[in-house]
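Each chain, letter by letter, is given below.
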Amino acid sequence: MKCQNCGFKNPDSNTYCENCGTLLKDTGSNKNVRSHTSKINRVLLYGFIAFVVFFIIFGIIKLIKKPVDIPSLQDALSQTGDAENVQDVDGKNSRSDEDTAPTQTSDEPSGKIAFTCQVDRQVNHDQICIINADGSGWQQLTDNISYEHYYSSLSTDGSEIVFSSSLPDRKGFNIFIMNSDGSSLRQLTSGLGDFYAPDLSPDGQYIIATRHINSTNYISLLTRDGDFIKDLNSYYDCKDPVWSPDGQQILFAADPDKTGIQFYIMNKDGSNVHKVTAMDGLRGRSDWSIDGTMASYTGEYSLHNRELFLFGENGSTQIITDGGDNLAPSFSPDGKWITFMSYRDNYWDSDGCEIYIMRLEDGYTVRLTDNNYCDYQPRWSK
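Please read these numbers as outputs of a predicted model, since none were measured by experiment.

**Brief notes about the state of the cysteines**
Then step 1. All told, the structure shown has two disulfides when counted by the stated rule.
Then step 2. With a sulfur-sulfur separation of 2.0 Å, Cys117 is cross-linked through a disulfide to Cys129. On the S-S bond that ties Cys117 to Cys129, the torsion sits near 80 degrees, and the link is right-handed. Within this pair, whereas Cys117 is found in strand 1 (residues 112-117), its partner Cys129 is found in strand 2 (residues 127-132), the two being separated by 12 residues in sequence.
Then step 3. On the basis of relative accessible area, Cys117 is assigned to the buried category, the value being 0%.
Then step 4. One disulfide bridge connects Cys353 with Cys374, the sulfur atoms lying 1.5 Å from each other. Across the disulfide from Cys353 to Cys374, rotation about the S-S bond amounts to roughly -135 degrees, and the bridge is consequently left-handed. Here the residue Cys353 occupies a position in the loop between strand 21 (337-342) and strand 22 (354-359), and Cys374 occupies one in the loop between strand 23 (365-367) and strand 24 (375-381), the gap between them amounting to 21 residues.
Then step 5. According to the relative accessible area criterion, Cys374 is buried, its value standing at 5%.
Then step 6. Across the protein, the disulfide pattern expressed with sequentially numbered bonded cysteines is 1-2, 3-4.

Okay, here's the thing in structure tokens:
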């Protein structure tokens, strides 16, 4: 038998080549050995495959069950230094998206928000409404649409509301006061001109308001009972005064140079007037937080591009919204939230303005009202 490996001719009886030792032919025992070896190899292979599959499955299960530590939006932004300017893909500020997940905080909104509600969609039929800061307890406080009621402002303790009304004869606007549940309505002014945007002092003893008489605006000081004390100034287009948190100063809008509305601060007696903004497109309706921060809005009505911004006496400014047409901010009593009106969910719809609140820490925003008419001019108190 010729060896297939080395070509040596071996006797036919040989099983192995005498020259190189190569197996010349199979025997039954060799076949059994190979068969047995093959079975062992298959068992080992299948065992190895099962082992690998087990560990893959085990790893996947562990991965699924393991909690993933995903940093909050605010944490992520703080690492990039861009926590104040976040936009989402549809042009709205991510702070204003209702379904933005809030970061964990114990600072939940509380208190009441009074606002103007156009219940029958007629601009000269405005009424005064109120809602809790958590969205509950909506109530319409005035209900005579023959008269216009607006520019509401709550007392510091939230027990009373002052506002402008065309009562009793639609010949002008006077200051009225009522309890925050709508009871005990009474008129405070009469025959002194038209009054707009009244605001109770933090101690509840005084009222400041815009007084319009003989084609001139004044920032005027009155007692809480409506007795006229004096006009603090008569700058051109002065309007929308608000008290500082300590009641010692007054923030207001005016255009003394006739070059555009800016914000000014003066002492409560009208002295030490100084400008604190230098921006285009300012209109008025501002507020002053307990921490000293002030807020208003800038933009053009015709372009529907108005945005909220924060500012301070040092001239610093910070835009806090981006898209949706936002106006008339008011701080929560603790200064951690802000309420405002916006058209963001009904853009370019004249009846689409609703009331929202925003947490200033992270921009988490909640819509409070949902009507087919305009809700605007919110004011927040306890």
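Once you've had a look at it, read on.
**Section: the pattern of salt bridges**
Then step 1. Scanning the entire structure with this criterion turns up 11 salt bridges.
Then step 2. When the shortest N-O distance is used, the salt bridge between Asp231 and Arg211 registers 2.7 Å. With Asp231 in strand 11 (residues 228-233) and Arg211 in strand 9 (residues 206-213), this residue pair connects regions lying 20 residues apart in the sequence.
Then step 3. Given a relative accessible area of 27%, Asp231 falls into the partly exposed group.
Then step 4. We classify Arg211 as buried; its relative accessible area is 9%.
Then step 5. Ionic pairing is found between Glu354 and Arg367, a salt bridge with its closest N-O pair at 3.6 Å. Taken together, the positions of Glu354 in strand 22 and Arg367 in strand 23 put the pair 13 residues apart, joining distant regions of the chain.
Then step 6. Beyond isolated ion pairs, a larger network of salt bridges with shared partners links Asp345, Glu354, Arg367 and Asp370.

**Some thoughts on empty space enclosed by the protein**
Then step 1. In this structure the tally under the stated criterion is one cavity of 30 Å³ or more.
Then step 2. Surrounding the largest cavity, Ser152, Ser153, Ala197, Pro198, Asp199, Pro241, Val242, Arg285 and Arg379 form its lining.
Then step 3. Elements with a contribution of two residues or more to the lining of the largest cavity: strand 4 (149-154), strand 8 (194-200) and strand 12 (239-243).
Then step 4. For the lining of the largest cavity, the leading source of residues is strand 8, giving three residues.
Then step 5. Tallied by class, the residues present in the lining of the largest cavity amount to four nonpolar, two polar and three charged.

**Notes on unusual backbone geometry**
Then step 1. Looking along the chain, the bond that leaves Leu167 and enters Pro168 is cis, with omega of 0 degrees.
Then step 2. Tracing the backbone through its elements, the reader meets Pro168 in the loop between strand 5 (160-165) and strand 6 (174-179).
Then step 3. In this structure, Ser215 takes a positive phi of about 65 degrees despite not being glycine.
Then step 4. In this fold, Ser215 is placed in the loop between strand 9 and strand 10 (216-223).
Then step 5. Taking relative accessible area as the criterion, Ser215 reaches 70% and is therefore assigned exposed.
Then step 6. The phi dihedral of Asp237 falls on the positive side, at around 60 degrees, and the residue is not glycine.
Then step 7. Position of Asp237 relative to the elements: it lies in the loop between strand 11 and strand 12.
Then step 8. We classify Asp237 as partly exposed; its relative accessible area is 28%.

**A word on the sheet that holds strand 22**
Then step 1. Taken in spatial order, the four strands make up an open sheet running 20-21-22-23, and their pairing is antiparallel. Since the sheet does not close on itself, it has two edges, and those belong to strand 20 (326-331) and strand 23, each with one partner. Recorded for the sheet is a direction-independent mean angle of 25 degrees between the axes of neighbouring strands.
Then step 2. Across four bridges, the pairing between strand 20 and strand 21 is antiparallel.

**Here we look at the nonpolar core**
Then step 1. Counting 35 residues, the largest nonpolar core has Ile113, Phe115, Ile338 and Met341 as the members making the most contacts within it.
Then step 2. Every residue in contact with Met341, bar those within four places of it in the chain, is listed here: Asp325, Asn326, Leu327, Ala328, Cys353, Glu354, Ile355, Asp375, Tyr376, Gln377 and Pro378.
Then step 3. If you look at the next biggest cluster of nonpolar residues, it comprises 13 residues, including Ile265, Met279, Phe309 and Phe311.

**Quick look at the packing of aromatic side chains**
Then step 1. For the coordinates displayed, the defined rule picks out 13 aromatic pairs.
Then step 2. Within the aromatic cluster, the residues linked to one another by ring pairs are Tyr150, Tyr151, Phe173 and Tyr196.
Then step 3. Directly above the ring of Tyr218 sits Arg211, whose terminal nitrogen or CZ lies 5.2 Å from the centroid.
Then step 4. Residue placement shows Lys258 over the ring face of Tyr236; its charged tip is 4.9 Å from the ring centre.

Reading guide: rules and limits
Residues numbered from 1 in each chain as written. Predicted model: local features only at pLDDT ≥ 70, side-chain atom pairs only at ≥ 80, totals over all residues. Heavy atoms only, no water. Disulfide = S-S within 2.5 Å. Helix = DSSP H or I, 4+ residues; strand = E, 2+ residues; numbered from the N terminus. Buried < 20%, exposed > 50% of the residue type's maximum accessible area, 1.4 Å probe, protein only. Salt bridge = Lys/Arg side-chain N within 4 Å of Asp/Glu carboxyl O. 1 Å grid on protein atoms, 1.4 Å probe; cavity = no way out; pocket = protein on both sides within 12 Å on 5 of 7 lines; lining within 4 Å. Points joined across faces, edges and corners; volume = space filled by probe spheres on them. Nonpolar A, V, L, I, M, F, W, Y, C, P; charged D, E, K, R; others polar. Pairing = 2+ DSSP bridges. Axes fitted to C-alpha atoms, helices over the stretch in contact; angles between N-to-C directions. Core = buried A, V, L, I, M, F, W, Y, C linked by side-chain atoms within 4.5 Å. Contact = heavy atoms within 4.5 Å. Phe/Tyr/Trp six-rings, centres within 6.5 Å; stacked < 30°, edge-to-face > 60°. Lys NZ or Arg CZ within 6 Å of the ring centre and 35° of its normal.

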